[in-house]
Structures are given as structure tokens and as C-alpha cells.
Amino acid sequence: MKYRTVAVSTAAALAATALLSGCGSDDGGDEPAASGPASLTYWAWAPGLDKVADIWNKGPGKEAGITVTVKKQASGDDLVTKIITAAKAHKAPDLVQAEYQALPTLVSNDVLADISGEAGDAKSRFADGIWQQTTLGSDALYALPQDSGPLMFYYREDLFKKYGLTVPTTWDEFAETARALKEKAPDKDLTTFSSNDSGLFAGLAQQAGAQWWTTGGDKWKVAIDDPATRKVADFWGGLVKEGAIDNQPMYTPAWNKALNTGKQIAWVSAVWAPGTLTTAAPGTKGKWAMAPLPQWKAGENVTGSWGGSSTAVTNDSKNKKAAATFAKWLNTDPTALAALVEESGIYPAATAAQTGGALAKAPDYFSNQPGFYTEAAKIAQGTAPAAWGPNVNVAYSAFKDNFAEAAKTRSDFGPALTAMQDATVADLEKQGFGVSE
């Protein structure tokens, strides 16, 4: 369930024009979909997808004469590079599992087909903020949402009670809670700011309204150093600077120990957090609870995302209609969605599948909170749209480089954010993309 590279949508109709790409191709997009029997290849990394495909092959696929073979791949940048290389040689598979933030890169390299004609009526099955990420803000549809990672607030219920803390509903309350804990228990931290996790930072910026990449005409505009993101950076940087929270990265033995011993008593994470806590803090099972992410404005229900992927059809497919039919079944059919949850362990993007079935019960780690997935589904409905561009990997790398030093020295985060912006713009220009101020 933990796809720790961010998710959500792209504003801008970038994908509609090849002018936005430094390496677009004129090949592969106009070939009509084949009819009749079809054998499709699906590159994916989620576990158990071959078992889900078997359900298709023995049922709807058999009736339609469409067989799908899943070929396991690496995730992240490795798959993006591999699929672009294959597409340039016109040897891409029919379908590919693509993280949301990778879609602009794949579209600008002419890898993905527009399947709006075959699957566009599926829009009502997904939250608006999730659906938009697969359209890139245009009238086209480049993938079907598969899973999502809405952000939430996790906290040690027993320790909050012990120290007389109230679960924060706003970020101002979050800051006050961090300070109150330090006064009562100086050896403990509410949480940490992790410079290793660019995806989490992107999701927090998304919640605040950031639109990191947008387009106008044939040019990209990068707004990583915008007021929304700067508000987030200043907020977390301020807490680190005053020592109200820790400044150590997550996903380390030291971080696991802090969670397991109660040195760190809260965690801003995504819906997949129970799986991580099970291994990171096994001794605290049943002591945690989940709540909505603190809001910038009291009373709102807005969240960001950390993780998630989609199912896309490639321009190289000789059977685009058949591939789109499978992609739609995989991500909207109740039987398929139930299998995705059970076999692949994902949190489905389709809203109807976010409660009931395998998600009717809370995660075992959260057996003390039986309504876990009911609450999660409500939170997921408030997923905000975000804007991705063709060089997310560069922005994420710049985040790690620059925020690591700022967090370590407890210095202002502003210069680190500016450096992240500058590195992203410079890379776009180096690739040959038009960039506007």
C-alpha cells in the first residue's frame, strides 16, 4: 500500500500539445484500436496484480477474447525510464502502471494514449482531485486512477491523554500542541520534519493550494517557491528552528525506535501508514488513532496525497480499445477492486471501494478504531488537485539536497525552497522546454 512518491493531479492542458515536450514524437497516436481477440501486456509493480488479471482472463476477458499478461517491473523513476526507452523503439507494452506525478513526463514523451473515448464516463467513480491528475487539466484522459494516498494525522492516543493534549484540527493548533508537549515532556517530540520525504512535503503543499507546474501557450511555469508552498516551508521550518519538533529523517532505525518507545508521539502520513507502523513500531499496536489532517482554515476538509498510481494505455498498443476496456474494469468493477485490495494491498482510488469488503474492518494495528476506513473515505473526498510537470524527479532531488542541510542546521527553509525552484527551472530549460517567468 505504501507507494511513497506523491500523487495528485496536474493543472494545465499541457498534454494536448507536443510543443511542451523537448522530445515528443509524431508516431503512434493515430492508429485505430484493433477489434477482436487481443493479447495484452501490462507492466506493473504492485504485488498480486497477476492474480487480479487472472480474474479478468477467466471471466470478462474470456468472454471478450482479451487476455492480459502482467510483467512485474521496478517502480518509480526506473519504470519511467524503461517505458520511455521502449516507446522510442516502438516496443512499449499495451498498459503500464504509472504514478500520478509521472504522467506529464510520459505524455510529453508521447508514450500514453488518450482513452477518453473509451473510459471517460468513469469520472463519477473518483474524487475530483484524483480524476484531474489523469486528465492533466485537459479534455483528454491519459489513465484511470488506481490507488491513492490521502494524508492524515496519526497520534498516540494514550500519550495524548497522559499529557493532556487535544488532537489538533488546524495547523496553528498543531504548532501549539508541539510546544505544549515540549513543556510537559522535554525529551519527547510531537513529530519530525523529514528532509528525505519530498513526497510528503509535496502533499502538504498541495493541501495548502500549491500548483507547482502549470502551462500557458507552449511554455511551462514553475511555482514551487509560491506563497502556498512558502507558507508550508516557513511553518515547518519555524517549528524545527525553535526545537518544537525533531529534525531527523524518517524511515531510519532511530525513527522506528522513536515511534516504538513513544519519543515521537504523532506522525503526518497517508492512508497506508498502518502497514509502516506495524513494522516500525510493533510494540505500540492498538495505541494509535487516526484523525483528519490539520487544516489551514478551521472547518475545512482538504487534504493532500502521498503516493498513488494509475493504469495507462500506451500509444504503441495495437489494441487500445481492448486495453482501455481492461483498465476501466480493473479500476471500477467491484470484483476487480475487491481483488486489488485483497491481493495488492492498495487503497483504491474508486470511492465506492474505499469502505466495505476487505476495508469493512479497520487495519489490525488500528483495531481500537473500528471506523478507520469510514473516516479515511471522508478524508479522501477532500483531496486537493495539484500540478505536476515533466521533471518531478529533479524537484524532489533538489528538495532532499537543500532541505537536508536546512533541517540539520535548524536554519530558515526559505533559501532551500528557492534553490528547489531554481534547480527545477534550470533543468526544464536544459531539456529544451519553454519556461515562462
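Residues numbered from 1 in each chain as written. Predicted model: local features only at pLDDT ≥ 70, side-chain atom pairs only at ≥ 80, totals over all residues. Heavy atoms only, no water.

Caption draft 1: Summary view of the pairing of strand S6 (residues 219–222). The side-chain alternation of S6 yields one buried face, formed by Trp220 and Val222, and one unburied face, formed by Lys219 and Lys221. Inspection of the sheet shows strand S5 (residues 213–216) paired to S6 by four bridges, in the antiparallel sense. Counterpart to Trp213 in the pairing with S6 is Val222. Here S5 folds back onto S6, and the loop between the two strands holds two residues, one of which, Gly217, carries a positive phi near 65 degrees. Bridge count between S6 and strand S10 (residues 434–435): two bridges; the pairing is parallel. Along S10, the bridge assignment pairs Lys219 with Gly434. (Buried < 20%, exposed > 50% of the residue type's maximum accessible area, 1.4 Å probe, protein only. Helix = DSSP H or I, 4+ residues; strand = E, 2+ residues; numbered from the N terminus. Pairing = 2+ DSSP bridges.)

Caption draft 2: Geometry of the packing of aromatic side chains. Tallied over the full model, the rule gives 41 aromatic pairs. Residues Phe201 and Phe403 carry aromatic rings whose centres are separated by 5.1 Å and whose planes lie at 50 degrees to one another, so their mutual orientation is tilted. Separated by 202 residues along the polypeptide, Phe201 in helix H9 (residues 198–207) and Phe403 in helix H16 (residues 392–409) bring together distant segments of the chain. With a relative accessible area of 2%, Phe201 lands in the buried category. Look at Phe403 and you get buried, because its relative accessible area is 0%. In this arrangement the basic side chain of Lys82 is found over the ring face of Trp43, its NZ or CZ atom lying 5.0 Å from the centre. The residue whose ring lies beneath Lys231 is Trp296, and the NZ or CZ to ring-centre distance is 4.6 Å. (Phe/Tyr/Trp six-rings, centres within 6.5 Å; stacked < 30°, edge-to-face > 60°. Lys NZ or Arg CZ within 6 Å of the ring centre and 35° of its normal.)

Caption draft 3: Up close: the nonpolar core. Core analysis: the biggest nonpolar cluster contains 87 residues, and Phe193, Trp212, Trp213 and Trp236 have the highest contact counts within it. Top contributing element to this core by residue count: H16, with eight residues. Excluding its chain neighbours within four sequence positions, the residues that come into contact with Trp236 are Trp171, Phe174, Thr191, Thr192, Phe193, Leu204, Ile245, Val268 and Phe413. Counting 61 residues, the second largest nonpolar core, distinct from the first, contains Leu79, Ala140, Leu141 and Leu330. (Core = buried A, V, L, I, M, F, W, Y, C linked by side-chain atoms within 4.5 Å. Contact = heavy atoms within 4.5 Å.)

Caption draft 4: How the structure looks around the pattern of salt bridges. Throughout the structure, instances matching the rule amount to 10 salt bridges. Arg156 is the partner of Asp158 in a salt bridge, and the nearest nitrogen-oxygen pair spans 2.8 Å. By relative accessible area, which is 30% here, Asp158 ends up partly exposed. According to the relative accessible area criterion, Arg156 is buried, its value standing at 5%. Among the salt bridges present, the one from Asp189 reaches Lys182, with a minimum N-O distance of 3.0 Å. Looking at Asp189, the relative accessible area reads 5%, which means it is buried. (Salt bridge = Lys/Arg side-chain N within 4 Å of Asp/Glu carboxyl O.)

Caption draft 5: Layout of the pairing of strand S8 (residues 288–292). With four of its five residues buried, S8 lies for the most part within the structure. For strand S4 (residues 144–156) and S8, the ladder comprises five bridges, and the chain directions are antiparallel. Counterpart to Arg156 in the pairing with S8 is Trp288.

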